[in-house]
Amino acid sequence: MTDVFDTEKRSAVMRAVKSRDTAPELKVRRAAHALGLRFRLGRTDLPGKPDLVFPSRRVALFVHGCFWHGHDCPRGARMPETNRAYWQAKITRNKARDLVVRASLRRLGWTHVGIWECQTRNAAALAQLITRRVGNRRKA
Ligand SMILES: [Zn+2]
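The model shown is predicted, which means the values in this text are computed figures rather than measured ones.

With that settled, consider the overall build of the protein. Within the protein, the secondary structure is distributed over 5 helices and 3 strands. Across the 140 residues in the protein, those meeting the buried criterion constitute 41%. In the protein, once contacts between residues fewer than 6 apart in sequence are set aside, the share between residues at least 24 apart is 60%. For the protein, the accessible surface area stands at approximately 8700 Å², while carbon and sulfur atoms represent 52% of it.

See below:
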């Protein structure tokens, strides 16, 4: 099967996919808020620029797009028909950077929590996940 999009069009499509990845982030914010967790946005001074930061728990949370960060799920495995090498290289770079970010945060005494886009679909499951990974971290 050949790809119906030429390279330029495909890039535009993939960019649109990426910008839609903010919807999962909004779901995570809403869920964290509903759980009564206090968080901050836009802590650009921290490695990787976390999407949400829970200062009292020293938790830095990232919402990862399954495609962009190479999640082992159906969405993450879906690869464009053309320019596979290009996309694959991009995803590999993203994954490598995620590992560096995680290590840098750990050195600074922060806990890295990654939530996948596909884990934000079910609100109840998302609330449970956040409770487990953020809400119970009463280290501080
Ligand atoms: Zn996924």
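Now that the structure is up, let's keep going.
We now examine the pairing of strand β2 (residues 59-64). In regular strands, side chains alternate between the two faces of the sheet. Across the 6 residues that make up β2, a large majority, 6, are buried. Neither face of β2 is left uncovered, since the one carrying Val59, Leu61 and Val63 and the one carrying Ala60, Phe62 and His64 both have all their residues buried. Sheet topology places strand β1 (residues 52-54) next to β2; 3 bridges connect them, and they run antiparallel. Bridge pairing in β2 places Phe54 opposite Val59. The turn linking β1 back onto β2 is made up of 4 residues, and Arg58 within it adopts a positive phi angle of 50°. Where β2 lies against strand β3 (residues 111-116), 6 bridges are found, and the strand directions are parallel. Bridge assignment links Val63 to a residue of β3, and that residue is Ile115.

Moving on to the coordination of the zinc ion. When four donors bind a metal tetrahedrally, each ideal donor-metal-donor angle is 109.5 degrees, and when six bind octahedrally, the ideal angles are 90 or 180 degrees. For the zinc ion, the protein coordination sphere consists of Cys66 (SG), His71 (ND1), Cys73 (SG) and Cys118 (SG), at 2.0 to 2.4 Å. Geometry at the zinc ion is tetrahedral, judged from its 4 donor atoms and the angles of 101 to 120° they form at the metal. Each donor residue of the zinc ion lies on the same chain, and together they follow the pattern C-x4-H-x1-C-x44-C. The pair Cys66 / His71 is uniform in exposure class, with both members buried.

Here the focus is the environment of His71. Among the secondary structure elements, His71 is positioned in the loop between β2 and α3 (74-77). Looking at His71, the relative accessible area reads 17%, which means it is buried. For the pair His71 and Cys118, spaced 47 residues apart in sequence, the C-alpha separation works out to 9.1 Å. Leave out the neighbours within four places in its chain, and His71 touches Cys66, Gly76, Ala77, Trp116 and Cys118. Side chain to side chain, His71 and Trp116 meet in a polar contact 3.4 Å long.

Turning to helix α2 (residues 22-34), a few remarks are in order. Under the 1.5 Å per step criterion, the end-to-end length of α2 is 18 Å for 13 residues, consistent within 8% with the ideal 18 Å. Those residues of α2 lying buried are Pro24, Glu25, Val28, Ala31 and Ala32. All buried residues of α2 project into a common sector of 125° when viewed along the axis, lining one side. Away from the buried face of α2 by more than 90 degrees, exposed residues Arg30, His33 and Ala34 are located. Gly36 occupies a position one or two residues after α2 and carries a positive phi of about 80°.

Cut-offs applied
- Residues numbered from 1 in each chain as written.
- Predicted model: local features only at pLDDT ≥ 70, side-chain atom pairs only at ≥ 80, totals over all residues.
- Heavy atoms only, no water.
- Helix = DSSP H or I, 4+ residues; strand = E, 2+ residues; numbered from the N terminus.
- Buried < 20%, exposed > 50% of the residue type's maximum accessible area, 1.4 Å probe, protein only.
- Contact = heavy atoms within 4.5 Å.
- Areas by Shrake-Rupley, 256 points an atom, 1.4 Å probe, with all protein chains shown as cover.
- Pairing = 2+ DSSP bridges.
- Donors = N, O, S within 2.8 Å, 3.2 Å for Na, K, Ca; no water.
- Tetrahedral: all angles 85-135°; square planar, octahedral: opposite > 155°, others 65-115°.
- Polar contact = N/O pair within 3.5 Å; in protein donor to acceptor, adjacent residues only side chain to side chain.
- Expected span 1.5 Å × (residues − 1).
- Arc of directions from axis to C-beta.

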